[in-house]
Amino acid sequence: MTAPLHASPPECSSSPQSSPARGNAAPIGIFDSGLGGLSVLRAVRAQLPHEALLYVADSLHAPYGLRDNAFISERTLAIGEWLVSQGAKALVVACNTATAESIALARERLSIPIIGVEPGIKPAAGLSASRIAGVLATQVTLRSERFRSLIERYAADCRFICQPGHGLVEAVERCEIDTPELRALLARYIEPMLAAGADTLVLGCTHYPFLDAAIRDIAGPSLTLVDTSVAIARQLERVLEANGLGAPVGRQPPPPRLCSTDGGVHLHRLASTLLGLDVWVERVEIAARGVAADGSHAV
Ligand code: DGL
């Protein structure tokens, strides 16, 4: 079920009938536990301006970083299936936490190409001159097998200082990206890394790029921030090409469709202030598979 919430209704986009019939005009589905995936959507729009985008913020259930693995997998599958039912031709799991816990299962169960996101350990190892780098990510991501294997594969000669970003996702979900409390929290996480000699910081959660101004104020210009959203957009482009799923060339897509599992107020605010996207936000109910929208289990 969907209900319109914010901003004015979208204008009808110009008819694609005059465009060549080649290409696949279906939307790319992008989802995150909440607003963080907008940092990925921003990069995808810049890289693939002809693609239609359908975004789901599962803000009702954020943060995933405090949830157990079964819950995260359930939400990933339920939202993935919902996006497929809405016609998505590919899925971007724009959440490090959901990727760490459930991308293998999602690839098994869903029939469309799936792109995940992972902390930029490999680029950080390539960039760090001091061979000491910090990683900010959710506790679930840092404890995951995928993360351990990333460190093993790419960074044997680099020291990584891993810090769970407790409280940061919640602050971004409230659109509090520049308050004194947030700065104090960030300073508590980042200053010990700087004192240990870190010259590089991996933003291992898609919410954190929205905190880059605050981080730069604390750390100064000598700390290199690693955000993988542009690399994800490029990987998505390669996957679409390999599968013959690119949008018709020269097509003007409709504005991104933004959906939220909560009231959508903050999704609208962040999208309009930081992405310049003043679009209609739909409230969507996406029940866990086997669980009704009111939380009762189906029999
Ligand atoms: N944006 C999600 C990530 O990249 C945040 C996870 C959470 O909700 O805790 O991990």
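Residue numbering note: each chain is counted from 1, following its sequence as written. Whole-chain, interface and lining totals are the exception, using all residues; otherwise, since this is a predicted model, local features are given only for residues with pLDDT of at least 70 and side-chain atom pairs are given and counted only at 80 or more. In computing side-chain values, all of the structure's heavy atoms are included and hydrogens and water are not.

Colleague: What should I look at first to understand the packing of helix α1 (residues 38–47) against helix α11 (residues 265–275) in this one?
Modeller: Two quantities define a packed helix pair, namely the angle between the helix axes and the distance between the axes. Axis lines are fitted to C-alpha atoms, over the contacting stretch for helices. Their N-to-C directions set the angle, which ranges from 0 to 180 degrees. Working definition: helices are DSSP H or I runs of at least four residues, strands are E runs of at least two. Numbering for both runs from the N terminus. Their axes nearest at 11 Å, the elements α1 and α11 cross at an angle of 45°. Considering the angle they form, α1 stands oblique to α11. The hand of the α1/α11 crossing is right-handed. Of the residues in α11, those in contact with Leu 38, Leu 41, Arg 42 and Arg 45 of α1 are Leu 267, Leu 270, Ala 271, Leu 274 and Leu 275. Here the contact of α1 with α11 is built from residues that sort into 7 nonpolar, no polar and 2 charged. Angles below 35 degrees are treated as roughly parallel, those above 145 as roughly antiparallel, those between 65 and 115 as roughly perpendicular, and all remaining angles as oblique. By the definition used in this description, the sense in which the near helix is turned from the far one sets the handedness, with an anticlockwise turn below a right angle giving left-handed and a clockwise turn giving right-handed. Contacts: residue pairs with any heavy atoms within 4.5 Å of one another. Just so you know the grouping, Ala, Val, Leu, Ile, Met, Phe, Trp, Tyr, Cys and Pro go in nonpolar, Asp, Glu, Lys and Arg go in charged, and all remaining residues, Gly too, go in polar.

Colleague: What am I meant to see in the sheet that holds strand β9 (residues 224–226) here?
Modeller: For sheets, the rule is that strands pair by backbone hydrogen bonds, running either parallel or antiparallel. Criterion used throughout: strands pair if DSSP finds at least two bridges between them. Taking strand neighbours across the sheet as the criterion, the 4 strands line up as β7-β6-β8-β9 in an open arrangement whose pairing is parallel. Only two strands of the sheet have a single partner each, and these edge strands are β7 (159–164) and β9. The sheet shows a mean angle of 25° between the axes of neighbouring strands, direction not considered. Note that strand β8 (residues 200–203) and β9 share 3 bridges and pair parallel. Paired with Leu 201 across the strands is Leu 225, a residue of β9.

Colleague: Help me out: how do you make sense of the side chain of His 61 in this one?
Modeller: Relative to the helices and strands, His 61 is located in the loop between β3 (53–57) and α2 (69–85). Note on His 61: relative accessible area 17%, which makes it buried. Definition of a polar contact: a pair of N or O atoms within 3.5 Å, with one able to donate and the other able to accept a hydrogen when the atoms are protein atoms, and with sequence-neighbouring residues admitted only if both atoms are side-chain atoms. In this structure the side chain of His 61 is engaged in a polar contact, spanning 2.8 Å, whose partner is the side chain of Asp 58. Once residues within four sequence positions are removed from consideration, His 61 is found in contact with Arg 67, Phe 71, Arg 75 and Thr 261. Buried means the residue's accessible area, taken with a 1.4 Å probe over protein chains only, is under 20% of the maximum for its type, while exposed means over 50%, and partly exposed covers the values in between.

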